[in-house]
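# Summary of structural features
Chain residues, written in single-letter form:
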Amino acid sequence: MKEEISRLLLAWYSKNARVLPWRGLSDPYAIWVSEIMLQQTRVETVIPYFHRWMQTLPDVLSLAKAPQDAVLKLWEGLGYYSRVLSMQKAARFLLEKHAGALPPDHDALLALPGIGPYTAAAIASIAFGLDYAVVDGNVKRVLARLLNYSNPVNTPEAEAELRGIARGLLPPGSAGEFNQAMMDLGAVICTPRNPACARCPLAAICSAYQADLQSSLPVKKAKPPIPHYMVTAGILMNDHQVLIAKRPAGSLLGGLWEFPGGKVEAGETREQALARELNEELGIEASVGEEFGSYTHAYTHFRVTLHAFRIDTRDRDITPIQPSEIRWVSITDLENFPMGKIDRLISRDRARALTP
């Protein structure tokens, strides 16, 4: 069965492989960049980011030497900013220990900051032709249906078991093509809903399809409901300049710029919460004005609704207590500072509000 799966899958892939800008490249760096960008992000979203990135930071050296703000700005909108900071950390390590090149060794790749089992296997197989299997969401779904695998796939135990199964299916010497074929099959044929089984090259040997169970697989363990937090932010204005603060390294959205504020605690109004946060972060006593707007965003493990308030102040001599850095910048310059989604929306709404 192993040989039949690889034969059918590779024959299908040779005719139906998606045309992607990182496909067919011999540059391990480009493959690394694409794999980090593709984590939990749609291919269509990644393509323009990949082009911009490779034009600006075409190699390990340029990434290692780039200012952090420039790296974050290139990444802005992809989310999961700790990944790109880990990439830059890894680039600097590569420059110091590996002469600026990704090592053609799975374990050495796995030791790099921000590279886990999936990414190490992807780079090792696609860039260097090593026999390592990748297991992402697409591959899990294909394997669960192909083998009628009934255990929840989103557990560490299932991931380890499915990785072993995928490793056993690898055709020696063709791991890179096989891995990409599995991912493409999951992306365009064996989709989460309404899979195109009639067009699947593995339909004749798919256990779920033969038993008409493809719609009920893969099984997933239910996740607990994610919390929803109420937060505030202050748009501190002085003429046509606004105060922004840099989030501390190591925190959520670390290194990005934001409008200062924080979470509403029990028993507080939004205005009280913002006044307290501004006092704790900036050491100022602020009179909170009218609400500028509200914004909702979902992160991986929680959701927030942020209420922004305009605050006019004549005090420009503010010394931060908690933020690593603050700046007064003109409204038009806000686009030059990397921000998370909500703060970017506020900055653009602020710019529109002040446009004659």
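Everything discussed here concerns the structure shown above.
Presented here is an overview of the structure given in this document. (Residues numbered from 1 in each chain as written. Predicted model: local features only at pLDDT ≥ 70, side-chain atom pairs only at ≥ 80, totals over all residues. Heavy atoms only, no water.)

### A word on the environment of Ile47
Relative to the assigned elements, Ile47 resides in helix α3 (residues 43–56). Spatially, the C-alpha atoms of Ile47 and Ser34 are 8.7 Å apart, while their sequence positions differ by 13 residues. With residues up to four places along the chain from it excluded, the contact list for Ile47 reads Leu20, Pro21 and Trp22. (Helix = DSSP H or I, 4+ residues; strand = E, 2+ residues; numbered from the N terminus. Contact = heavy atoms within 4.5 Å.)

### As for helix α5 (residues 68–75)
Taken residue by residue, α5 has Val71, Leu72, Leu74 and Trp75 as its buried positions. Along α5, the residues classed as buried sweep out an arc of 160 degrees about the axis, all on the same side. Tucked inside the fold, the buried residues of α5 contact α2 (28–38), α3, α4 (60–65) and α6 (81–97). Once α5 ends, the next one or two residues include Gly77, with phi positive near 105 degrees. (Buried < 20%, exposed > 50% of the residue type's maximum accessible area, 1.4 Å probe, protein only. Arc of directions from axis to C-beta.)

### Side note on the packing of α2 against α3
One way to put it is that α2 packs onto α3 with a least axis distance of 10 Å and a crossing angle of 140 degrees. By the angle between their axes, α2 is oblique relative to α3. Handedness of the α2/α3 crossing: right-handed. On α3, the residues touching Tyr29, Ala30, Val33, Ser34, Met37 and Leu38 of α2 are Val43, Val46, Tyr49, Phe50, Trp53 and Met54. Of the residues assigned to the contact of α2 with α3, the class counts are 11 nonpolar, 1 polar and no charged. (Axes fitted to C-alpha atoms, helices over the stretch in contact; angles between N-to-C directions. Parallel < 35°, antiparallel > 145°, perpendicular 65-115°, else oblique. Left-handed = near helix turned anticlockwise from the far one by under 90°. Nonpolar A, V, L, I, M, F, W, Y, C, P; charged D, E, K, R; others polar.)

### Thoughts on the packing of aromatic side chains
A full pass over the atoms with the stated rule returns 6 aromatic pairs. Each ring, one from Tyr29 and one from Trp32, has its centre 6.0 Å from the other, and the planes form 75 degrees; the classification is edge-to-face. Here Tyr29 pairs with Trp32, and both are found in helix α2, just 3 residues apart, close to one helical turn. Accessibility expressed as a relative area gives 3% for Tyr29, which makes it buried. Relative to Phe302, the ring of Tyr229 has its centre 5.7 Å away and its plane inclined at 55 degrees; by these criteria the two rings are tilted. (Phe/Tyr/Trp six-rings, centres within 6.5 Å; stacked < 30°, edge-to-face > 60°.)

### Things to note about the pairing of strand β6 (residues 303–312)
Judged by how many residues are buried, β6 sits mostly within the fold: 7 of 10 residues are covered. In this sheet, β6 lies alongside strand β1 (residues 228–238) in parallel orientation, the contact comprising 10 bridges. By the bridge assignment for β6, Met230 is matched with Thr305. Sheet analysis places strand β5 (residues 291–298) next to β6, joined by 7 bridges and oriented antiparallel. The residue bridging Ala298 from the neighbouring strand is Arg303, located in β6. Counted along the chain from β5 to the antiparallel partner β6, the turn is 4 residues long. (Pairing = 2+ DSSP bridges.)

### Focus: the pattern of salt bridges
For the structure on display, the rule yields 18 salt bridges. For Lys97, the salt bridge is made with Glu96, and the minimal N-O distance between the two is 3.9 Å. A salt bridge links Glu258 to Arg247, with the nearest nitrogen and oxygen atoms 3.0 Å apart. With Glu258 in strand β3 (residues 257–258) and Arg247 in the loop between β2 (241–246) and β3, this residue pair connects regions lying 11 residues apart in the sequence. When its relative accessible area of 15% is taken as the criterion, Glu258 is described as buried. Each of Glu268, Arg276, Glu277 and Glu280 takes part in one network of salt bridges that share partners. (Salt bridge = Lys/Arg side-chain N within 4 Å of Asp/Glu carboxyl O.)

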